Amino acid sequence: MSVLVFAELENGQVKKSSIEAIYYGALVAKATQSTAKVLAIGASNSDTLSQLGNWGASEVLWLQETWDSAQIAAYAHALADAVAQEQSAFVIVAKSVLGDAVAASVAAKHKAALATNVVALPDHAAGVTVKRSIYTGKAFATVKLHTAVKVLSIKKNAVTPEANAGVAEVKHWQPSSNAANTGIKLVATHKASSTVALPEADLVVSAGRGLKGPENWGIVEDLAKALGAATACSKPVSDLNWRPHHEHVGQTGLKVAPNLYIACGISGAIQHLAGVNSSKVIVVINKDPEAPFFKAADYGIVGDVFEVLPRLTKALQ
Amino acid sequence: MKILVCISNVPDTTAKISFSDGDTKFNKSGVQFICGPYDDYALSRAVELKEEHGGTVTVLNVGEADADPVIRKCLAIGADDAIRVDAEPSDSYFVAQQIAHIAQQEKYDLILMGRESLDFNSGVVHGLVGEMLGIPAVSPVMHLTIAGNTASLTREIEGGKQEIEATLPLVLGCQEPIAEWKIPSMRGIVSARTKPLKVVAPTGEALSTVEKYALPPAKGAVKMIPVEQVESLVDLLRNEAKVL
Ligand SMILES: Cc1cc2nc3c(=O)[nH]c(=O)nc-3n(C[C@H](O)[C@H](O)[C@H](O)COP(=O)(O)OP(=O)(O)OC[C@H]3O[C@@H](n4cnc5c(N)ncnc54)[C@H](O)[C@@H]3O)c2cc1C
Ligand SMILES: Nc1ncnc2c1ncn2[C@@H]1O[C@H](COP(=O)(O)O)[C@@H](O)[C@H]1O
């Protein structure tokens, strides 16, 4: 028996969201008297991977392949194979484009119950239940998983990792067979060279149509830089091409769960709130005291963004 | 080209969510149901592809009879026929199983879905169906063109996008700006009344069940900071909220 965590690597390092998944997996292993193992696929080094012991991993299965993230079938084939070899009762992934796709494939291969957007550790009191976020953050469901293998995709902040000195054993690992070629060909990848990735960011500065035009984003970026925050925007802003689509948060955009979300010149429509309502602390800056966003805020400032943002940036420097 | 579009029947984006029967059931009273916004993108692109390449668009829903008005609306937008698997869509695996079962009988070149449903937001039905059928699933797709047997698509990834080439058949989870949402025309609404809507029985079982629902704790009151004291926010975030 084991808990198997799928870790995503980026530039040789384990992604922050995967660290959360590993820590989560280690706590599940502790509660079920088993061990937490990690499957890491990609270029890295033994030192980096052995440090995953600090987050509770006892063993890292390292598959040194450099597949692009469009090769979902190859990742899923390897993970499903490791699940069988390790007789894993739980498979844990961190929510991401690749993570959810791999989780779905592995669940189908093993006929395993699957829960995504999981926000807390499983409850073992009567069978296994997990709490997941539904209705775009407007509610939660406690779901009972009825199969021997259970696949969980966890949402950001499901646990708060705390490091404990430990060393994981790193093993070079290979699946027992190769995945069939699915004919998926990656032609090109376009990635913004932004400093802080929005899905993983702890701090987010977001702006809406109140900014009036793309030429005014300097004050948003300055504040984000002073904080070390990622930038986001409302849907009309990306529809108008003021900002790239992947920055748009909300019902039809990215769902974020930072510790701090600062909304500048955003009215707070219910569809926008759906993407940010899992944030720990929300600050709203809007010149209209009646803006609906204030109802969802922890701190509010009624004021003009063109005056407030530069003053905040200065106060931080 | 034969296209299957899978749609979910979900509460409107502005709906107030509440539960009944001791928090074990979604309270449908006073809630307007719509076709999932992402599923709407999938349907709109499917109708465009049909106009461009010929073929048929079939709409599929796993749901109870109260989904029929939404299914009719999809027919009015331009789908040719519809199938409803008569069952409560209890978990993703169950829904995927129904879709895969139907797709095994009818060979579709494309199975289009939304990137995620608005109620359960699982974002996994396309991945499950792809695996069950042994064909690739890609999501979330922002652009899609078809030439012969090849699909050229763009999908969003964290912080950017990927251009991908793939061979049909495929399962795709769609999002904007893959197409503009279509509004049914008067003619579409009239013709939708006579288009076939087949109701079939489900197969298999769910692997998970919802035991209980809950609403998030109510938000505390907002602390307003006078604009003259903007700078004090920094201190509050550091020492009171402790997020910096
Ligand atoms: C099905 C559906 C899905 C949707 N999905 C999303 C989604 O995912 N994300 C999303 O964001 N929206 C979404 N929307 C749109 C949403 O309903 C709103 O239209 C949108 O969020 C409004 O964006 P905004 O607040 O930037 O612009 P506006 O509503 O125009 O608000 C601008 C705000 O800026 C303030 N302002 C103006 N000037 C200043 C100034 N100088 N200083 C300070 N404040 C100022 C104004 O008081 C106002 O409150 C969706 C809508 C639908 C129907
Ligand atoms: N009950 C359903 N009937 C038909 N298709 C569905 C149903 N539920 C979800 N889907 C499709 O699967 C996609 C992903 O849903 P989900 O995995 O629940 O987020 C949706 O956007 C729909 O296209």
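Chemist: Where do I start with the overall build of chain A in this structure?
Modeler: The helix and strand tally for chain A stands at eight helices and 17 strands. For 317 residues, the compact-globule estimate of 2.2 N^0.38 gives 20 Å, and chain A sits close to it at 21 Å. Where the 28 positive side-chain charges of chain A centre and where its 25 negative ones centre are 6 Å apart.

Chemist: I tried to follow the pattern of salt bridges on my own but got confused; where do I start?
Modeler: Oppositely charged side chains may form a pair once their charged atoms are brought near each other. This model, assessed by the stated rule, comprises 26 salt bridges over all chains. The partner of K109 of chain A in a salt bridge is E131 of chain B, with the nearest N and O atoms 3.1 Å apart. Note that K109 of chain A is positioned in helix α4 (residues 97–110) and E131 of chain B in helix α4 (residues 125–133), a pairing that runs across two chains. Relative accessible area serves as the criterion here: at 37%, K109 of chain A is assigned to the partly exposed category.

Chemist: I would appreciate a short explanation of the environment of I22 of chain A in the present structure.
Modeler: Residue and element names in this part refer to chain A. Note on placement: I22 falls in helix α1 (residues 16–31). Using a relative accessible area of 0% as the deciding quantity, one classes I22 as buried. With near-sequence residues (within four places) excluded, I22 lies in contact with V5, A7, V14, V38, L52, W55 and A57.

Chemist: Help me understand the packing of helix α3 (residues 72–86) of chain A against α4 of chain A, please; the structure alone is not making it clear to me.
Modeler: Working note: a packed helix pair is described by the angle between its axes plus the distance between those axes. Residue and element names in this part refer to chain A. Look at α3 against α4: their axes get within 9 Å of each other, and the N-to-C directions meet at 50°. Between α3 and α4, the interaxial angle falls into the category oblique. Read as a crossing pair, α3 and α4 show a hand that is right-handed. Residues I72, Y75, A76, H77, L79, A80, V83 and A84 of α3 lie in contact with α4, whose contacting residues are L98, A101, V102, S105, V106, K109 and H110. Here the residues of the contact of α3 with α4 are counted per class, giving eleven nonpolar, three polar and one charged.

Chemist: When you look at the interface of chain B and chain A in this model, what are you seeing that I'm missing?
Modeler: The partner chain A presents 80 residues to the 76 residues of chain B that form the contact. Carbon and sulfur atoms supply 59% of the area that chain B and chain A bury against each other, a total of about 6,700 Å² over both sides. Among the residues of chain B in contact with chain A, E158, L207 and K219 of chain B are the three that bury the most area, contributing 10% of the side total. Along the contact surface separating chain B from chain A lie six salt bridges. Summed over the shared surface of chain B and chain A, the number is 43 residue pairs in polar contact (both at pLDDT 80 or more). It is strand β11 (residues 160–167) of chain B that contributes the most residues to the side of chain B that touches chain A, eight residues altogether. Considered class by class, the residues forming the side of chain B that touches chain A number 41 nonpolar, 17 polar and 18 charged.

Chemist: What is the right way to read the sheet that holds strand β13 (residues 197–200) of chain B from this model?
Modeler: For sheets, the rule is that strands pair by backbone hydrogen bonds, running either parallel or antiparallel. An order of β12(A)-β11(B)-β10(B)-β9(B)-β12(B)-β8(B)-β1(B)-β6(B)-β7(B)-β13(B) is seen for the ten strands of this open sheet, with the pairing classed as mixed. The open sheet has two free edges, formed respectively by β12 (185–191) of chain A together with β13 of chain B, since each of these has just one partner strand. Ignoring strand direction, the axes of neighbouring strands in this sheet form an average angle of 25°. Here eight bridges tie strand β10 (residues 150–157) of chain B to β11 of chain B, and the two strands are oriented antiparallel to one another.

Chemist: Would you mind showing me how to read the site of ligand 1 here?
Modeler: Surrounding ligand 1, one finds 28 residues, the nearest of these being S234, S267, Q271, H272 and N286 of chain A. Each of chains A and B places residues next to ligand 1. Measuring from an oxygen atom of ligand 1, one finds a backbone N or O atom of R209 of chain A at 2.8 Å. Contacts to ligand 1 include K287 of chain A, whose backbone N or O atom sits 3.1 Å from a nitrogen atom. Contact with the protein chains covers 80% of the free accessible surface of ligand 1, which is 990 Å². Of the residues that constitute the shell around ligand 1, the class distribution is seven nonpolar, 15 polar and six charged.

Chemist: Sorry if this is basic, but what is going on with the state of the cysteines here?
Modeler: Think of a disulfide as a covalent bridge from one cysteine sulfur atom to another cysteine sulfur atom. In total, this model carries zero disulfides over all chains according to the counting rule given. With no disulfide of its own, C35 of chain B has C74 of chain B as its nearest cysteine by sulfur position, at a separation of 4.1 Å.

Chemist: Looking at this structure, I do not really get the sheet that holds strand β14 (residues 230–233) of chain A. What am I missing?
Modeler: One open sheet holds the six strands; their spatial order is β14(A)-β13(A)-β15(A)-β16(A)-β17(A)-β15(B), and the pairing between them is parallel. Two strands close off the open sheet at either side, each with one partner strand: β14 of chain A together with β15 (223–224) of chain B. Relative to β15 of chain B, strand β17 (residues 299–302) of chain A runs parallel, the two sharing two bridges. Bridge assignment links G300 of chain A to a residue of β15 of chain B, and that residue is M224 of chain B. Strands β13 (203–207), β14 and β15 (260–264) of chain A of the sheet are contacted by helix α5 (residues 218–227) of chain A, whose axis makes an angle of about 175° with β13 of chain A. Against the sheet, helix α8 (residues 305–316) of chain A engages β15, β16 (281–286) and β17 of chain A, with an angle of about 135° to β16 of chain A.

Chemist: What am I meant to see in the site of ligand 2 here?
Modeler: Residue and element names in this part refer to chain B. Lining the immediate surroundings of ligand 2 are 19 residues, of which C6, D39, V62, S117 and G123 lie closest. The contact in question runs from an oxygen atom of ligand 2 to an N or O atom on the backbone of C6, over 2.6 Å. A distance of 2.8 Å separates a nitrogen atom of ligand 2 from a polar backbone atom of V62. Alone, ligand 2 offers 490 Å² of accessible surface; in the complex the protein occludes 96% of this.

Chemist: Just checking my understanding: could you explain the domain arrangement of chain A for this structure?
Modeler: One widely used convention gives an interface's size as the accessible area the parts lose upon coming together. Residue and element names in this part refer to chain A. Partitioning chain A into structural domains gives domain 1 (2–172) and domain 2 (198–316). One C-alpha centre belongs to domain 1, the other to domain 2, and the line joining them spans 31 Å. Summed over both partners, the interface of domain 1 with domain 2 comes to about 920 Å²; 40% of that surface belongs to carbon and sulfur atoms. On the domain 1 side of the interface with domain 2, the three residues burying the most area are K16, T136 and K156, jointly 55% of the side's total. Taken together, the connections running from domain 1 to domain 2 amount to two salt bridges. Among the ionic pairs, D202 bridges to K16, the shortest N-O distance being 2.9 Å. For the pair domain 1 and domain 2, the interface holds ten residue pairs in polar contact (both at pLDDT 80 or more). Looking at the side of domain 1 that touches domain 2, its residues break down into no nonpolar, four polar and five charged.

Thresholds applied
- Residues numbered from 1 in each chain as written.
- Chains lettered and ligands numbered in written order.
- Predicted model: local features only at pLDDT ≥ 70, side-chain atom pairs only at ≥ 80, totals over all residues.
- Heavy atoms only, no water.
- Helix = DSSP H or I, 4+ residues; strand = E, 2+ residues; numbered from the N terminus.
- Rg over C-alpha atoms; globule rule 2.2 N^0.38 Å.
- Lys, Arg positive; Asp, Glu negative; His and termini not counted.
- Charge placed at Lys NZ, Arg CZ, Asp CG, Glu CD.
- Salt bridge = Lys/Arg side-chain N within 4 Å of Asp/Glu carboxyl O.
- Buried < 20%, exposed > 50% of the residue type's maximum accessible area, 1.4 Å probe, protein only.
- Contact = heavy atoms within 4.5 Å.
- Axes fitted to C-alpha atoms, helices over the stretch in contact; angles between N-to-C directions.
- Parallel < 35°, antiparallel > 145°, perpendicular 65-115°, else oblique.
- Left-handed = near helix turned anticlockwise from the far one by under 90°.
- Nonpolar A, V, L, I, M, F, W, Y, C, P; charged D, E, K, R; others polar.
- Buried area = accessible area lost by both parts, 1.4 Å probe.
- Polar contact = N/O pair within 3.5 Å; in protein donor to acceptor, adjacent residues only side chain to side chain.
- Pairing = 2+ DSSP bridges.
- Near = heavy atom within 4 Å.
- Areas by Shrake-Rupley, 256 points an atom, 1.4 Å probe, with all protein chains shown as cover.
- Disulfide = S-S within 2.5 Å.
- Domains from an automatic or database assignment.

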